[in-house]
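Here is what each chain is made of, one letter per residue.
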Amino acid sequence: MRLFVALNLPDVVRRALWEAASALRDRDFPIKWVRPEGLHLTLKFLGEVDDARERELRDALQRAVAGGKTLPLVLGGFGVFPDFSRPRVVWVGVAPDPALELLQHGVEREFGPLGFPPEGRAFRPHLTLGRAGRDARARDFEGLETALSAMRFEETVVVETLDLMRSTLERGGAVYQVLQRERLS
Ligand code: ATP
Ligand code: MG
């Protein structure tokens, strides 16, 4: 199964974000949009994992939250990875936060020894809103930067759980399911 560790948002925030991005979806950029129920902040992508390891991963998740506090996340600001000349991912930003970093470190600390080493790149907290289509070309994204800078969305959300997620790649896009939920205190 395909797994990742994430922070999920309250439904009302996902809806609000989805609404805020509607003007962007109305433009004809070749972007595949994440469904509102799928909006999340990935802390660690685990990838394909043998079913037999589920227990081990659940235990690691539990250790990763130990002593972790609920997180107020400040969402706002839109951008793309890696850059506007070749956008792959369109995102809404998450303000850097010490408690968030601590939690992310906790996840790396617990999952690293299980064979999921830290990514070689810096942690840039974000919620992916959409991904560029496979055969999109640079010129298809003309106007995207301007469109993103015109968008308005500011929200502070309190996240109360750390979730082990399962991703099933279906024809209409990935479908996510919570496998295990650990409460922050
Ligand atoms: P799709 O792959 O169909 O476009 P998706 O990327 O949402 O959909 P997954 O590939 O299963 O679905 O990814 C699950 C989560 O893990 C997403 O938040 C995704 O951005 C993140 N992710 C996927 N691959 C990586 C990776 N190599 N490194 C870091 N994060 C990743
Ligand atoms: Mg993917």
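*Asks:* Would you mind going over the site of ligand 1 in detail, with residue names and values included?
*Replies:* Around ligand 1 there are 13 residues in total, and R2, H40, T42, S167 and Y176 lie nearest to it. Between an oxygen atom of ligand 1 and a side-chain N or O atom of H40, the distance comes to 2.6 Å. E119 places a polar side-chain atom, nitrogen or oxygen, 3.0 Å from a nitrogen atom of ligand 1. In this structure, ligand 1 is accommodated by the largest pocket. Secondary structure elements with two or more residues in the shell around ligand 1: β1 (2-8), β3 (40-48), β8 (161-170) and β9 (173-183). Its residues assigned to classes, the shell around ligand 1 comprises five nonpolar, three polar and five charged.

*Asks:* Could you give an account of helix α4 (residues 98-111), naming the residues involved and the relevant values?
*Replies:* Helix length check: α4 (14 residues) gives 20 Å between terminal C-alpha atoms against 20 Å at 1.5 Å per residue, within 8%. Looking at α4, one finds that the buried residues are L100, L103, Q104, G106, V107, E108, E110 and F111. Packing partners of the buried residues in α4 comprise β1, β3, α3 (54-65), β4 (71-81), β5 (89-94) and β8. Two or three places before A99, at the opening of α4, D97 has a side-chain oxygen 2.9 Å from that residue's backbone nitrogen.

*Asks:* Lay out the layout of surface pockets in plain terms, naming residues and giving numbers.
*Replies:* Rolled over the atoms, a probe sized like a water molecule indicates the empty space that remains. Looking at the largest pocket, its volume works out to about 1,500 Å³. Every residue lining the largest pocket is counted, 45 residues in all, and those nearest its centre are T42, V89, H126, T128 and R131. Every element with two or more residues in the lining of the largest pocket is listed here: β1, β2 (31-33), β3, α4, β6 (126-132), β8 and β9. In the lining of the largest pocket, the residues fall into 20 nonpolar, 12 polar and 13 charged. Every residue lining the second largest pocket is listed: A64, A66, G67, G68, K69, L71, A99, L102, L103, G106, R109 and L184. Top contributing element to the lining of the second largest pocket by residue count: α4, with five residues. Of the residues belonging to the lining of the second largest pocket, the class tally is seven nonpolar, three polar and two charged.

How each quantity is defined
- Residues numbered from 1 in each chain as written.
- Chains lettered and ligands numbered in written order.
- Predicted model: local features only at pLDDT ≥ 70, side-chain atom pairs only at ≥ 80, totals over all residues.
- Heavy atoms only, no water.
- Near = heavy atom within 4 Å.
- Polar contact = N/O pair within 3.5 Å; in protein donor to acceptor, adjacent residues only side chain to side chain.
- 1 Å grid on protein atoms, 1.4 Å probe; cavity = no way out; pocket = protein on both sides within 12 Å on 5 of 7 lines; lining within 4 Å.
- Sits in = over half its atoms within 2 Å of the grid points.
- Helix = DSSP H or I, 4+ residues; strand = E, 2+ residues; numbered from the N terminus.
- Nonpolar A, V, L, I, M, F, W, Y, C, P; charged D, E, K, R; others polar.
- Expected span 1.5 Å × (residues − 1).
- Buried < 20%, exposed > 50% of the residue type's maximum accessible area, 1.4 Å probe, protein only.
- Contact = heavy atoms within 4.5 Å.
- Points joined across faces, edges and corners; volume = space filled by probe spheres on them.

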